[in-house]
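One-letter residues, chain by chain:
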Amino acid sequence: KMGKFEIIEVAFDAPDTSVELVGYLSIPPADKLKSRLPALVILLHQANESSESWNTFRDELLQSGHAVFAMDLRGYGLSTFDLKANRLRPKNTFYVGESTKFPEDIAFLLGKAIEVHGNKFDTTRLAVIGASVGEERSFGAIKGQVVAGEMTYFRMSTDDTMGRIKSYVGEGEF
């Protein structure tokens, strides 16, 4: 059984001022912490989903003592308020080329979470898990903030038409 955990909404206007970006930082209960500050796991949802699609997994991560940051990518979940039109867009509605802004949006909102709440988790221990957003839009979005040291890399992909699952594990240093 897990004690109460803290969920903090992180919401800021995107750098291009076209949409409000919304994410959620979840901090594990004190009785689950294995160190003074928990490592941060960043969860990036797949197309046609939102940060809510990670709630069950988020709870498992919190149970194991990890902090979690999950955001709604531009056009999904609560990241749908169009600042220029001053209204909500229909969900999953995009302007041409807008998905190319995902890396900038991720780095920006994660940076704001670190700037405002970085005292609640270990900013040197980050893990990124992305579902069908592509490596250039998940890890690539924050690799400029990786601290030198040991790292482990895991990637899993599926080929539904062939019924195959591929996974890769790597270890090394930055």
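Asker: Please explain the overall build of the protein chain as it appears in this structure.
Answerer: Across its full length, the protein chain carries 3 helices and 9 strands. Within the protein chain, the fraction of its 174 residues that count as buried is 36%. Within the protein chain, counting contacts between residues at least 6 apart in sequence, those at least 24 apart form 65% of the total.

Asker: How should I be thinking about the side chain of His117 in this particular structure?
Answerer: By the secondary structure assignment, His117 is in helix H2 (residues 102-117). Overall, His117 belongs to the buried group, its relative accessible area being 16%. Excluding anything up to four places from it in sequence, His117 contacts Ile8, Val10, Leu25 and Lys112.

Asker: Would you mind going over the sheet that holds strand E1 (residues 6-13) with me for this structure?
Answerer: Strands in a sheet are paired, the pairing made by backbone hydrogen bonds, and the direction either parallel or antiparallel. Reading across the sheet, the 5 strands line up as E1-E2-E4-E3-E7 and stay open at both edges, with mixed pairing between neighbours. The open sheet has two edge strands, E1 and strand E7 (122-130), and neither has a second partner. Mean inter-strand twist for the sheet, computed between neighbouring axes without regard to direction, equals 20 degrees. Where strand E3 (residues 39-44) meets E7, 6 bridges bridge the pair, whose relative direction is parallel. Looking at E7, one finds that Leu43 is bridged to Ile129.

Asker: I'm lost on H2 in this one. Help?
Answerer: The periodicity of an α-helix, 3.6 residues per turn, causes residues three or four places apart in sequence to face the same way. Its 16 residues place the ends of H2 22 Å apart at the C-alpha level, agreeing with the 22 Å of an ideal helix rising 1.5 Å per residue. Along H2, the residues classified as buried are Phe102, Asp105, Ile106, Leu109, Leu110, Lys112, Ala113 and His117. The arc enclosing the buried residues of H2, seen along the axis, measures out at 150 degrees, which places them on a common side.

Asker: I'm lost on the packing of aromatic side chains in this one. Help?
Answerer: Each aromatic ring pair is characterised by the separation of its centres together with the angle its planes make. For the structure on display, the rule yields 1 aromatic pair. Aromatic pair Trp54 and Phe57: ring centres 5.9 Å apart, planes at 45 degrees, arrangement tilted. You can call Phe57 partly exposed: its relative accessible area is 34%.

Asker: Would you mind going over helix H1 (residues 55-63) with me for this structure?
Answerer: All buried positions along H1 are accounted for by Arg58, Leu61 and Leu62. Projected down its long axis, H1 shows its buried positions confined to an angular sector of 100 degrees, all on one face. Turned more than 90 degrees away from the buried face of H1 sit Thr56 and Glu60, all of them exposed. Tucked inside the fold, the buried residues of H1 contact E1, strand E2 (20-27), E3 and strand E4 (67-72).

Asker: For this particular structure, what's the right way to read the environment of Leu37?
Answerer: Topologically, Leu37 is positioned in the loop between E2 and E3. Sequence separation between Leu37 and Ala67 is 30 residues; the distance between their C-alpha atoms is 8.7 Å. Those residues in contact with Leu37, other than ones at most four positions away along the chain, are Asn119, Lys120, Phe121, Asp122 and Arg125.

The rules we used
Residues numbered from 1 in each chain as written. Predicted model: local features only at pLDDT ≥ 70, side-chain atom pairs only at ≥ 80, totals over all residues. Heavy atoms only, no water. Helix = DSSP H or I, 4+ residues; strand = E, 2+ residues; numbered from the N terminus. Buried < 20%, exposed > 50% of the residue type's maximum accessible area, 1.4 Å probe, protein only. Contact = heavy atoms within 4.5 Å. Pairing = 2+ DSSP bridges. Axes fitted to C-alpha atoms, helices over the stretch in contact; angles between N-to-C directions. Expected span 1.5 Å × (residues − 1). Arc of directions from axis to C-beta. Phe/Tyr/Trp six-rings, centres within 6.5 Å; stacked < 30°, edge-to-face > 60°.

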